[in-house]
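Observations on chain architecture
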Amino acid sequence: PRAVLASLTGLGADHAIMEAAIAAARMEGGHVTALHARIDAVETAAMIEVTFPQHQHGLDVLHRITREEAERAQHARAAFDAAIGRHALVLNDDPGTEAVSVSWRQTRSFFSETMEEARYHDLVVMGHEPARPLERVKMGLMQSGRPLLLAPARPVPVMGRSIAIAWKASAEAARAVTAAGPLLARAGRVSILTASHNQAGDDRDRYSAEH
């Protein structure tokens, strides 16, 4: 992937997200854009007041949202700075001038702009945050229209040597394999896993190929 979007939330998975994004970019010498989409505190507080008029939240909600978003922004930036320092990368908004380049972006809106920005990248890297529902990951996969990499909790220095394809005879599976073509071409081992709905869970078919 030449253009990788690392979706940082300011929560616990940001370090793993940055590591996975950099590892993915190194496969072809790509650019990592770290994006932290902040919630606009004023718009959010106003929406809460309109939705729940029976509760008088007032400035307390505004101050709480502002404080929490500021803390998350600091955590996201700290994870970004730690990653580029650990890998000796240079902050560069001009992709292509380095083997792996990185840049930082921060947005502020009531609606997250992550999905819209993802459509302009080859790969989106997200993390599974216990404090946020898995629906966010599903939304990222379905609405972005781009391949999504869920960062492992334990970072790996090299990515793509061994790949497993969870195959099902469907249009979605065919599109996923097509999108993963560049990764599959570089893999040393590819395993294809299939499961029949008419059989017990242990009766799985597995095919492995090495090249």
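Small disclaimer: the values here were computed from a predicted structure and weren't measured.

Turning next to the confidence of the model for the protein chain. Overall, the predicted model of the protein chain reaches an average pLDDT of 80, with 77% of residues at or above 70. At the low end of the mean pLDDT range in the protein chain sits strand E8 (residues 204-210), at 56; at the high end sits strand E1 (residues 3-8), at 94.

Residues Ile-163 and Ile-165 of strand E6 (residues 162-166) are buried on one face, while the alternating residues Ser-162, Ala-164 and Ala-166, pointing to the opposite face, are not. One ladder, built from five bridges, connects E6 with strand E7 (residues 189-195); its direction is parallel. Within E7, the residue paired with Ala-166 across the bridge is Leu-193.

Ordered in space as E3-E2-E1-E4-E5, the five strands form an open sheet in which the pairing is parallel. The sheet terminates laterally at strand E3 (101-109) and strand E5 (148-150), the two strands that pair on one side only. Strand-to-strand twist of the sheet, defined as the mean angle between neighbouring strand axes without regard to direction, takes the value 25°. When strand E2 (residues 31-39) meets E3, the two strands line up parallel, connected through nine bridges. Directly across from Ala-37, in E3, lies its bridge partner Thr-107. Most of the contacts of helix H1 (residues 14-25) go to E1, to which it runs at about 175°, and overall it touches E1, E2, strand E4 (123-126) and E5.

Turning to the environment of Glu-117, a few remarks are in order. One can find Glu-117 in helix H4 (residues 114-118). Each C-alpha atom, one on Glu-117 and one on Ser-144, is 8.2 Å from the other, the two residues being 27 residues apart in sequence. With sequence-adjacent residues up to four places away left out, Glu-117 is seen in contact with Leu-5, Leu-35 and Arg-105.

Backbone geometry places Ala-88, a non-glycine residue, at a positive phi of 55°. By the secondary structure assignment, Ala-88 is in the loop between helix H3 (59-86) and E3.

Further remarks concern the nonpolar core. Leu-8, Met-18, Phe-80 and Val-125 are the most contacted members of the largest nonpolar core, which totals 27 residues. At the level of secondary structure, the elements contributing two or more residues to this core comprise E1, H1, E2, H3, E3 and E4. The element contributing the most residues to this core is H1, with nine residues. The contacts of Phe-80, once residues within four sequence positions are left out, are Leu-8, Met-18, Ala-34, Leu-91, Val-102, Ser-103 and Trp-104.

Counting buried positions along E1 yields five of six residues, so the element is predominantly enclosed. Two elements, E1 and E2, share six bridges in a ladder whose sense is parallel. Within E2, the residue paired with Ser-7 across the bridge is Leu-35. For the segment spanning E1, H1 and E2, crossover handedness is right-handed. Two strands pair when backbone bridges link them, and E1 and E4 are joined in this way by three bridges, in the parallel orientation. Bridging across to E4, Val-4 finds its partner in Leu-123.

Across all of its chains, the model carries one aromatic pair by this definition. Measuring from ring centre to ring centre gives 5.4 Å for Phe-80 and Trp-104, while their planes differ by 50°; the resulting arrangement is tilted. Highlighted residues: Phe-80 in helix H3 and Trp-104 in strand E3, separated in sequence by 24 residues. Owing to a relative accessible area of 0%, Phe-80 belongs among the buried residues under this scheme.

What counts and how
Residue indices follow the written sequence of each chain, beginning from 1 at its first position. Since the coordinates come from a predicted model, pLDDT governs what is reported: local features require at least 70, and pairs of side-chain atoms require 80 or more to be given and counted, while whole-chain, interface and lining totals use all residues. Just so you know, side-chain values use all the structure's heavy atoms and leave hydrogens and water out. What pLDDT conveys is the predictor's confidence in a given residue, as a value from 0 to 100. Here a helix means four or more residues in a row that DSSP labels H or I, a strand means two or more in a row labelled E, and each is numbered from the N terminus. Throughout, exposure labels follow a simple rule: accessible area from a 1.4 Å probe, protein chains only, divided by the maximum for the residue type, with under 20% read as buried, over 50% as exposed, and the rest as partly exposed. Should DSSP find at least two bridges between two strands, the strands are taken to pair. For every element, the axis is a line fit to its C-alpha atoms; helices are fit only across the contacting stretch, and the angle between N-to-C directions ranges from 0 to 180 degrees. For this analysis, residues touch if any pair of their heavy atoms sits within 4.5 Å. Side-chain atoms within 4.5 Å link the members of a nonpolar core, which is a set of buried Ala, Val, Leu, Ile, Met, Phe, Trp, Tyr and Cys residues. Consider the strands pointing away from the viewer: the crossover is right-handed when the path from the first strand over the helix to the second runs clockwise. Note on aromatic contacts: the rings of Phe and Tyr and the six-membered ring of Trp form a pair at centre separations within 6.5 Å, being stacked when their planes are under 30 degrees apart, edge-to-face when over 60 apart, and tilted otherwise.

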